[in-house]
Amino acid sequence: MTRLLAAGAGLLLIAGQAVAETPAKELFGGAKLPSRTEPAPHGSYAKGCIAGAVAIPTDGPTWQAMRLSRNRRWGHPQMIALLERFSRDAASLGWGTGILVGDISQPRGGPMLFGHASHQIGLDADIWFTPKPSQPLSPQQREDLPFTSMLDKSKFLTVDSRRWTDTHARVVMQAASYPQVERVFVTPAIKRKLCDTWRGDRSLLGKVRPIYGHDEHFHIRIHCPTGAAGCKPQARVPSGDGCDKSLAWWFTDEPWAKPKKDPNKKPVKPRPVILSDLPKACAAVLAAPARPAEEAVLGSGMAAYSAPMAVAAPVQDIEAIINGTVLPDHGPMPQPRPFP
Ligand SMILES: [Zn+2]
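Conventions we followed
- Residues numbered from 1 in each chain as written.
- Predicted model: local features only at pLDDT ≥ 70, side-chain atom pairs only at ≥ 80, totals over all residues.
- Helix = DSSP H or I, 4+ residues; strand = E, 2+ residues; numbered from the N terminus.
- Buried ≥ 20, exposed ≤ 12 C-beta atoms within 10 Å, placed from the backbone.
- Contact = placed C-beta atoms within 7 Å.
- Core = buried A, V, L, I, M, F, W, Y, C linked by C-beta atoms within 7 Å.
- Axes fitted to C-alpha atoms, helices over the stretch in contact; angles between N-to-C directions.
- Left-handed = near helix turned anticlockwise from the far one by under 90°.
- Nonpolar A, V, L, I, M, F, W, Y, C, P; charged D, E, K, R; others polar.
- Expected span 1.5 Å × (residues − 1).
- Arc of directions from axis to C-beta.

As named in an unreviewed UniProt entry, the protein chain is Penicillin-insensitive murein endopeptidase, taken from Pseudorhizobium flavum.

Here's what the structure looks like:
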């Protein structure tokens with residue numbers, strides 16, 4: 001029932017109370033297409049949504065999108081453009097014939113039914129540690145191809161030297177080299193490996209951040225786009241290469257210890273995130289009419305959505321939409337233009 005409601009436009013007005021209490025991941029997980037609005041991230045990487053997202057084409061000259069059934073190849077146009085650029089650069093570094101693109105965001109961003117705390121505002125993307133093979137993968141192969149870990153599972157937090165190559169290092173550091181990239185997340189084992197072996201620009205190492213997981217893929221996060229008023233930036237990466245005690249901490253017991261339970265405390269089930277926990281604008285993003293898929297795929301020389309010069313709806317309109325007093329204005333249809 002909920003999913004049916006979430007699929008329809010104007011659900012706020014139809015569903016009222018039910019939507020208010022529905023976990024936000026069901027609402028956003030049910031959206032099949034982006035909103036037909038200006039591209040705009042709202043909120044933070046782990047608590048927000050995105051208006052006017054575009055999709056990376058499933059196939060490009062130097063990339064393939066994976067796990068197509070998840071419908072998570074949507075992002076801010078700047079993210080999609082960066083991925084296309086990165087895919088070319090990776091290929092020219094000898095990374096197979098390009099990159100395999102994992103999850104970016106859902107069509108309207110937001111929390112997901114499974115996986116990922118972040119990836120909510122179209123500014124995060126996962127890239128496989130497997131290069132794109134020369135033979136294109138079929139849609140079924142993209143569902144089934146297993147991930148390959150870069151870790152030697154017989155040891156504690158150690159890169160598998162049989163799998164990790166200099167090219168892996170160069171590809172990760174290439175991702176970190178773009179000014180629009182804010183952070184690149186990898187397992188602490190890879191960060192340590194780079195600290196020990198990277199002979200290029202050490203200042204870029206600071207952007208490469210150790211985190212749980214991320215041994216089968218790495219994660220590229222870009223800055224809030226200029227002028228994106230609703231986008232909440234993350235604290236700046238500390239200066240330095242990060243090959244310091246903050247990295248050493250990951251190799252202690254502390255980050256891996258089970259959280260201590262208080263036997264006197266009743267376990268509380270965490271309340272799921274609901275729509276009102278997200279930025280107010282996310283209700284309007286969810287309620288806005290959909291952009292058809294053929295308009296919303298960006299790049300690869302295909303006709304793509306290009307933002308008109310006009311400014312987005314004034315803020316008071318959005319407030320009114322959220323308060324349910326007016327129907328969302330569809331606005332002028334954006335003109336598709338060829339993407340360079
Ligand atoms: Zn990720």
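Having seen the structure, we can now continue with the description.
*Asks:* So what exactly am I meant to see when it comes to the overall build of the protein chain here?
*Replies:* The helix and strand tally for the protein chain stands at 11 helices and 13 strands. When the 340 residues of the protein chain are sorted by exposure, 41% land in the buried category. Within the protein chain, contacts between residues separated by at least 24 positions form 77% of all contacts whose residues are at least 6 apart in sequence.

*Asks:* Explain the nonpolar core to me, please; I cannot follow it from the model alone.
*Replies:* As a rule of thumb, nonpolar side chains are buried together in soluble globular proteins. Formed by 69 residues in total, the largest nonpolar core has its most connected members in Leu-83, Val-101, Val-172 and Val-184. The element best represented in this core is helix H10 (residues 281-287), accounting for seven residues. With residues near it in sequence (within four places) discarded, Val-184 still touches Val-172, Ala-175, Ala-176, Lys-207, Val-208, Arg-209, Phe-218, His-219 and Ile-220.

*Asks:* So what exactly am I meant to see when it comes to the environment of Phe-251 here?
*Replies:* One can find Phe-251 in the loop between helix H9 (245-248) and H10. By C-beta crowding, Phe-251 is classed as partly exposed, having 16 other C-beta atoms within 10 Å. Separated by 59 residues in the primary sequence, Phe-251 and Arg-192 have C-alpha atoms spaced 9.8 Å apart. Excluding its chain neighbours within four sequence positions, the residues that come into contact with Phe-251 are Leu-157 and Pro-188.

*Asks:* Please clarify how the environment of Gly-102 should be interpreted in this entry.
*Replies:* Mapped onto the secondary structure, Gly-102 falls in the loop between strand S7 (99-101) and strand S8 (124-128). Once residues lying within four places of it in the same chain are set aside, the contact partners of Gly-102 are Met-66, Arg-67, Asp-126, Ile-127, Trp-128 and His-217.

*Asks:* Is there a simple way to explain the packing of helix H5 (residues 77-92) against helix H7 (residues 166-177) in this structure?
*Replies:* Geometrically, a packed helix pair is captured by the angle between its two axes and the distance between the axes. Viewed as axis vectors pointing N to C, H5 and H7 meet at an angle of 150 degrees, and their least axial separation amounts to 10 Å. H5 and H7 meet at a crossing whose hand is right-handed. Side by side, H5 and H7 meet where Phe-86, Asp-89 and Ala-90 of the first sit next to Val-171, Gln-174 and Ala-175 of the second. For the contact of H5 with H7, the class distribution of residues is four nonpolar, one polar and one charged.

*Asks:* I would appreciate a short explanation of H7 in the present structure.
*Replies:* Count 3.6 residues to each turn of an α-helix, and residues three or four apart come out pointing the same way. Between its first and last C-alpha atoms H7 spans 16 Å; for 12 residues at 1.5 Å apiece the expected length is 16 Å, and the two agree. When H7 is considered as a whole, its buried residues turn out to be His-168, Val-171, Val-172, Ala-175 and Ala-176. Seen along its axis, H7 keeps its buried residues to an arc of 140 degrees; they face one direction. Buried residues along H7 sit against H5, strand S9 (181-186), helix H8 (188-197), strand S10 (208-210) and strand S11 (217-222).

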